[in-house]
Every structure is written in C-alpha cells, then in structure tokens.
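# Summary of structural features
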Amino acid sequence: MTFDTASYVRDLYWLIPELWLTLVGFALLAASPYIRDGAGRRIAAWASAAGQAVALVLLFALYAGVSGVFGPATPEAPGAIYAMQFAHGRPLLLIDGFAIVLKAVVLVAGILATLMGIRLLETERIGRGEFHAVLVFAVVGAMFLISSTDFITIFVGLETMSLSVYLLVGWAKDSRKSNEAALKYFLLGAFAGGLLLYGMSLAYGATGTTNLFGLQQALAAGTPESGRWLLTLAILFMVVGCGFKIAAVPFHVWTPDAYEGAPTLVTSFMATAVKTAAFAMALRIFLLGFDAPAQAAQWTWLFGILAALSMTVGNVIAVLQDNVKRMLAYSSIAHVGYALMGLVAAGAALAGWIPEPQRSLAIELGQSSVVLYMVAYAFTAAGAFAVVILLRREGIEGDRIDDFSGMARRAPGTAAVMLVFLLSLAGIPATAGFIGKWWLFASVLQGGGYRWLAVLAALNTAVSLYYYLRVAVRMYMEIPADELPYAVTPSLTAAVALAAIGTLAIGLWPEPVLRLVSGTAQLLP
Amino acid sequence: MEQYLPILGMVLIGIGLPVVAIVFARLLAPHRPGGMKGDPYECGIESTTSVRERLSVRYYLIAVLFVVFDVETIFLFPWAVQYQVLGLFGLVEMVIFIAILLLAYFYVIKKGALKWA
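Everything numeric in this text was worked out from a predicted model, so none of it was measured.

### Concerning the overall build of chain B
Within chain B one finds 3 helices and 2 strands. Going from N to C terminus, chain B has its helices and strands arranged as α-β-β-α-α. For 117 residues, the compact-globule estimate of 2.2 N^0.38 gives 13 Å, and chain B exceeds it by more than 25% at 26 Å. Expressed as lengths along the three principal axes of its C-alpha atoms, the size of chain B is roughly 70 × 60 × 20 Å.

### A few points about the overall build of chain A
The helix and strand tally for chain A stands at 21 helices and 2 strands. Its C-alpha radius of gyration of 22 Å places chain A within 12% of the 24 Å reference for a compact globule of 525 residues. Once the C-alpha set of chain A is aligned to its principal axes, its extents read approximately 70 × 55 × 40 Å. Counting only residues that meet the buried cut, chain A has 59% of its 525 residues in that class. Considering only contacts in chain A between residues 6 or more positions apart, those separated by 24 or more positions represent 80%.

### A word on the packing of helix H14 (residues 324–350) of chain A against helix H15 (residues 358–390) of chain A
All names here are of chain A. Running from N to C, H14 and H15 cross one another at 170 degrees; their axes reach a closest spacing of 7 Å. Considering their axes alone, H14 and H15 lie roughly antiparallel with respect to each other. Residues belonging to the contact of H14 with H15 are distributed by class as follows: 20 nonpolar, 6 polar and 2 charged.

### With respect to the confidence of the model for chain A
Put simply, chain A has an average pLDDT of 90, and 94% of its residues get 70 or more. For residues 67–75 of chain A, every residue scores under 50 in pLDDT, and the model assigns this stretch 11 contacts once sequence neighbours within four places are set aside.

### Details of the interface of chain A and chain B
Reports of interface size often rely on the accessible area that becomes lost once the parts have come together. Tallying the contact residues gives 8 residues for chain A and 9 residues for chain B. Contributing elements (two or more residues each) for the side of chain A that touches chain B: helix H1 (5–13) and helix H2 (16–31) of chain A. A per-element tally of the side of chain A that touches chain B places H2(A) first, with 3 residues. Looking at the side of chain A that touches chain B residue by residue, the class counts come to 6 nonpolar, 2 polar and no charged.

### What to know about helix H8 (residues 176–207) of chain A
Relative to the 46 Å expected for 32 residues at 1.5 Å per residue, H8(A) spans 46 Å between its end C-alpha atoms, a close match to the ideal helical length. Directly beyond the C-terminal end of H8(A), a positive phi value near 75 degrees is found at A:Gly208.

### A closer look at the environment of A:Ala415
All names here are of chain A. Tracing the chain through its elements places Ala415 in helix H17 (residues 412–426). Between the C-alpha atoms of Ala415 and Ala142, which are 273 residues apart in sequence, the distance is 32 Å. If we skip the residues at most four places from it in the chain, Ala415 touches Met407, Ala408, Met475 and Tyr476.

### Examining the packing of helix H2 (residues 57–81) of chain B against helix H3 (residues 83–110) of chain B
Residue and element names in this part refer to chain B. Two elements in contact, H2 and H3, have axes whose closest approach is 10 Å; the angle formed by their N-to-C orientations is 170 degrees. On the basis of the axis angle, H2 is roughly antiparallel to H3. Residues Leu65, Val68, Glu72, Phe75, Trp79 and Ala80 of H2 form the contact with H3, whose participating residues are Tyr83, Leu86, Gly90, Met94, Phe97, Leu101, Ala104 and Val108. Split by residue class, the contact of H2 with H3 holds 12 nonpolar, 1 polar and 1 charged.

### Some details on the environment of A:Ala190
Residue and element names in this part refer to chain A. Relative to the assigned elements, Ala190 resides in helix H8. Overall, Ala190 belongs to the partly exposed group, with 14 C-beta atoms counted inside 10 Å. Residues Ala190 and Leu21, spaced 169 residues apart in sequence, show a C-alpha to C-alpha distance of 25 Å.

### Observations regarding unusual backbone geometry
Residue and element names in this part refer to chain A. Along the chain, Val249 connects to Pro250 via a cis peptide bond; the corresponding omega equals 10 degrees. Residue placement: Pro250 occurs in the loop between helix H10 (225–246) and helix H11 (254–261). Here Arg125, not a glycine, exhibits a phi torsion of approximately 55 degrees, which is positive. Residue class for Arg125 comes out exposed when judged on the 10 C-beta atoms lying within 10 Å of it.

### What about the confidence of the model for chain B?
Residue and element names in this part refer to chain B. Mean pLDDT for chain B: 84, with 97% of residues reaching 70 or above. By mean pLDDT, the top-scoring element of chain B is helix H1 (residues 5–28) (93), and the lowest-scoring one is strand S1 (residues 41–42) (68). Interface confidence in the predicted complex, given as ipTM, is 0.73; pTM for the same model is 0.89.

### Here's the deal with H3(B)
Residues and elements named next belong to chain B. Between its first and last C-alpha atoms H3 spans 34 Å; for 28 residues at 1.5 Å apiece the expected length is 40 Å, and the helix comes up short by more than 12%. The largest bend in H3 comes to about 65 degrees, at Phe89. Positive phi appears at Gly112, one or two residues downstream of H3, with a value of about 80 degrees.

### Description of the environment of A:Ala49
Within the element layout of this structure, A:Ala49 appears in helix H3 (residues 38–64). As for A:Ala49 and A:Ala282, which are separated by 233 residues in sequence, their C-alpha atoms are 28 Å apart.

About the thresholds
- Residues numbered from 1 in each chain as written.
- Chains lettered and ligands numbered in written order.
- Predicted model: local features only at pLDDT ≥ 70, side-chain atom pairs only at ≥ 80, totals over all residues.
- Helix = DSSP H or I, 4+ residues; strand = E, 2+ residues; numbered from the N terminus.
- Rg over C-alpha atoms; globule rule 2.2 N^0.38 Å.
- Buried ≥ 20, exposed ≤ 12 C-beta atoms within 10 Å, placed from the backbone.
- Contact = placed C-beta atoms within 7 Å.
- Axes fitted to C-alpha atoms, helices over the stretch in contact; angles between N-to-C directions.
- Parallel < 35°, antiparallel > 145°, perpendicular 65-115°, else oblique.
- Nonpolar A, V, L, I, M, F, W, Y, C, P; charged D, E, K, R; others polar.
- pLDDT = per-residue confidence, 0-100.
- Expected span 1.5 Å × (residues − 1).
- Bend = angle between axes of the 7 residues up to and from the residue.

Laid out in structure tokens, this is it:
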C-alpha cells in the first residue's frame, strides 16, 4: 500500500483552527513556568482569549472560502463541506455546517469563560499559568469531538476534552469542595467513558466497523439475527454513556457537586462548551450511525424517558436550592431534558413513526433545534455564570441566592442584564431561550407519539419560572446584603456584555442564526 | 450465537473455580483463628512496620515521566518500520512529535520536577 502524502496534508488543511489552538496551548504551557506575578497571568489570560478569537476567525474564514460549496465531498457523506479520511477509506472527521456552528459555540464559550475568570483566578489564588493552556486543550478536544464520525476519533476527542476538564474542575487544590468535585467528576466521567467504549466495541463486534458511515451502511443492509442482540446492548451502553456526559437524569448525580465545587469559570465552560460537544457526539452517533428504523425505534424511547426525567427532576430540585451554582446546575440538567426533545423527534421520524410529509421535516427540525438550543443556551448560561463571578469577592463566596439581594439598587445595569439571562433560561419571548424552546417544541409536535413531551416541557417551564424569578425578586425587591463593591473588571464586563448581546440578538433578530442553524440539518446525513 | 458457546463455558469455569475453592476450603479446613495468624505478611516474613506507609510523591512523578518517554519509543518503532513508505512526510511528523515531547521535557525541568535533593 502506498501512502498518499498529498491527501493527508490536504486533510490537515481543514484542521487549521484546531492546529492553531494546539500551538496556542503549547505556547501558553511553555510560557507558564516564567509567569510569576499577577500582571503576567493577566497577559496569559488575554493571550489565550485572543488565540481562541483568532481560531474563531480562522474557522469562519475556512467556512467562507467554501460557502455555497455544499457539494458531495464523498459519496458516503453528501452535504459535507469536507470529509477527512486520512488515507483511511471512510471519513474520520467531517467538516460540515453542523461542525462549524457547534465549534463556533465552543470557541465562544471558551473565550467567555477565559474573560470572565481573570479576576476570579486571582481572588481564589489559583491563577497558575497552566490553567489557560489546559482550557485551550479542552477547547481543542471539544472541537475535534464535534467533527468526529468514527468511534476512534470520537473517543480521542472526548478524552482530550474530558481529561482537561477534570484537571480544571480540581484546579483549586486547597479547596475541599473543588477536590471533591474533581474526584466525583473524574470517577463518573471515566466510568461513562468506559460504558461508551463498551458500547462501541459491541457495535464493532456486530458490524465489523468503527466508522459511523460504515455502521450506517451495515445496518441499512440488515443485520443477522445473532448481531441484533449485540446492537441492542451497544445502543443501551451508548445511551447510558452519552447520558452521563450530557448529564441527563438518572445519570446526573455528579453534576450539582461538580458544578458547585469547580471554579465558576470552569462551571460556565462545562455547562456550555462541554455540554455542546457531548450533544454533538450523541447526535452524530445516533442520527448518523444508528439511523436505521429498527435501531432508531430502540434509542428513541430511551432518550424520550431521559428527556422527561431530566426536565422534571432538574426543575423540581432546582426549586429547593439556595446556592446559585447548584440552582444553575439543576437548571442545566433541565435544559438537557428540553434539548433531548429534538433528538427524540428526529429519532421518532427515523423509526418511521411519523408519516411523510412531516417525517423529513421532523428529522431536519429535530437536528437543527438541538443545535439552535446549544447556541442559545451557551450565551445565556455563560452570562448567568459571569454575573455569579461578579459576586465573588475577597472573603465572600457570593454563590448564595441571598448574595443577589439589592443588586438592582447597587448596579442597575448588571441587574437588568441578569434579568435578561434569567428570562432567557425560562424561555420568555424576546430572548434566545424562547427561540430555542420554540423550535424544540415544534419538532416534537410533528407527531410520532412524543407530543406529550411538549406538554411536559411546557409544565416544567412554568415550574422553572418560580426559581428563576426568585433571583429576580432578590435583586429588585430586597435591600443589599453587603456593602463590599462588586468585582467589576473590564474583562468580566466584556464577557457579560458579549453574552447579553448574544442572548438579546438571537431573541430579537433570530433570522441570521436560524438560517445558519437550519443549514446544519441537511448536512448531517 | 453458537460460536460464542465456548466463551460461555469459559465464563462458567472462571466463576466456578474460585467458588468451589472457597466453599471447599471453608468446609474442609479447621477454623482456629489466632493473634499471629491475622497479621499481614509477605512471603512468610513477619512485618516489622505498619503497612500504611507514606510514599514519596516522586515515585508518581517518575512513573509518569517513564510512561511519557516509554510511549515515545512505542511510536518510534512503527515509524522506523514504515520509514520507506512514509518518507519525508513521516520524518516531519515525527520531528513535530519529538518536539512536543522535548517541550514537555524542558517544562518538567523548569518546574523543578527533576530536582531530587
């Protein structure tokens, strides 16, 4: 076999954003032993944010260079901009609209987390230079995972991301909470990775391929009786593995502790970037690999149950929380439940439970609504966490709901922006959260026996209003809890402003985002 | 499914053997516990200190460093075998790989992880 160097290098060309970010990460790592004072650390943080911004520009430059060229890259991956095969025969990484939009979400989440945390890292005395290198590596892993269409590349991307995030969660070495969070997250994350791998090995055993396109072809050709049980088990293991990674009930138990114990900027990164990448993985595996009707029928109802449980349990327990980070953790579990509705709608259509003409619409809407929700949720959640960071001052943890008391009097602008984030999380019109929910509801309402999920989601939204508005009541109707000035810095203000602009822009003028997102559906074969 | 039957047999034997061994040992052996018998030991030698000793973190560092540079050689071997096929491209890739490891090495030195005193 001859080695085709030219095609290999051509494939690498499409990884330029990731390669650039890797360079940034190594540069930050190499510089970190020489950084000893606060000024140096601030420069490292800004350099990291700038590096990620350049990667975002590179990503869109790459995309703009081929926009409109949604031609068939390979017979196996129609609609993709480019399919990287690395002399492998089948696409290992896919550059499509889906990948580009979600990678942009991850990069934005990374930039926001970096900016919002500069002062926090100093207050917590955990600002060692390596922090930003590890964060950049987590972003690289997430981007790699989003493009992956092979079990091998999926696992490499997932582990690159997860290992980095385990480190980040436990970054506050002297804090018991942070240690506990890191250990719980690491143990359950490793366990979930193991389950996922086990499912992959069973799927490989049944079909003889690790590639999602290969899996798709093998399942379309029909499986022998003996392989059917293996596939059912594989689907079960992978649903559980993905359930852990996206934090769906009943696989959510690590989430509140990990979110509360991690430094808040890491919590923000986990709730936005890591969740987005995990959803991308789930969508690729199930909508691409297991899209045959017989298999879709199996995983659709599993995800239907996960969706119903996640939104209900998440919302009900969130009501009882007095800690904002825990409340937002349970709220993020609830949002996973909402987002899963899109996957369930697409699955019901793939399983053949929705007749044409709604069928293709449901598949398309299901996929794109999850993407849209990830975009909307990333801005909103990052904004909410950034405001929580504002309350962390020397001597005050600032993560109780009581700490929000009287914010409207002390900082009316910030309180107004926080109100926008809260309303967006609840899904009130004119915010990003509403647009996202609207599409998700529309997708399950196409039929297929999952309309009850929309009803349940609507009921849950009513429950969620209570605990989101509880924070608003504290901000607007109570006297200030303390006199210590808020931890305002230019970078944190920039992060909050960016998140607020994103949340409001998607809510008030959704057309560009909707067009971008609806372009992603047809690209996910 | 028939081809999996031997595996099932192996699983059954695997579970059965220890169960049989433990049950028979319980039934047949005389049970007379005593002070000395409960002591931890290694190769019949009496223990002199507590087993719960603290290990230097350096052992962990050495282990990690060993793994890093050991894995490097694992990647070097297949590259050496396929050198003719991969040509210049393979050489460049390998140089990048080694450069990354070298960077890690200098990082480790700079961090003082190799200072033993």
